[in-house]
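Okay, here's what each chain looks like letter by letter:
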Amino acid sequence: QVQLVESGGGWVQAGGSLRLSCAASGLVFGIKDMAWYRQAPGKQRALVATISSGGETNYADSVKGRFTIFRDNAKNAVYLQMNGLKPEDTAVYYCAAEVRSTGFKWNNYWGQGTQVTVSD
């Protein structure tokens, strides 16, 4: 079984920074793409950023230039450095990863979510 465990959410004033972390544990034999999503109250879950196993990144337009996604393959971990936070960044943030586990099958896994609240 594979689990993605997130940490690093919290409350911050506008303009501040937070770093989210997410680590995969369990029977992990490989990880392809990793990503961060977010879901604001009353809205659908939306993609924030992705990173491939080779380090190629993509960002939602709303976070470009402010957020940075990076990963540590040795730790099976992905991070999201968030700078210049705005109230509209307030959401529950979820990490996701495509993981090869038992049976050598690739499956998508999600973290439990971590709340980020940005105040004016």
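That block above? That's the structure.
In short, a report on the structure. (Residues numbered from 1 in each chain as written. Predicted model: local features only at pLDDT ≥ 70, side-chain atom pairs only at ≥ 80, totals over all residues. Heavy atoms only, no water.)

**Observations concerning the packing of aromatic side chains**
Two numbers describe a pair of aromatic rings. These are the distance of the centres and the angle of the planes. For the record, the criterion: Only Phe, Tyr and Trp rings are paired, with Trp represented by its six-membered ring, and only when their centres lie within 6.5 Å; those with planes under 30 degrees apart are stacked, over 60 edge-to-face, the remainder tilted. Secondary structure is summarised from DSSP: a helix means a run of H or I of at least four residues, a strand means a run of E of at least two, and numbering begins at the N terminus for each.
In total, this model carries two aromatic pairs according to the counting rule given. Between Tyr37 and Trp110, the ring centres sit 4.9 Å apart and the planes meet at 55°, which makes this aromatic pair tilted. Separated by 73 residues along the polypeptide, Tyr37 in strand β4 (residues 30–39) and Trp110 in strand β10 (residues 106–110) bring together distant segments of the chain. Arranged with centres 5.0 Å apart and planes meeting at 20°, the rings of Phe70 and Tyr79 form a pair that is stacked.

**So, the pattern of salt bridges**
Put simply, the test is: Throughout this description, the term salt bridge denotes a Lys or Arg side-chain nitrogen within 4 Å of a carboxyl oxygen of Asp or Glu.
Evaluated as defined, the whole model comprises three salt bridges. With a shortest N-O distance of 2.7 Å, Arg66 and Asp89 are connected by a salt bridge. With a gap of 23 residues between them, Arg66 in the loop between β6 (57–59) and β7 (67–72) and Asp89 in the loop between β8 (77–82) and β9 (91–100) connect regions that are remote in the sequence. When salt bridges that share partners are traced, they join Arg38, Arg66 and Asp89 into one network.

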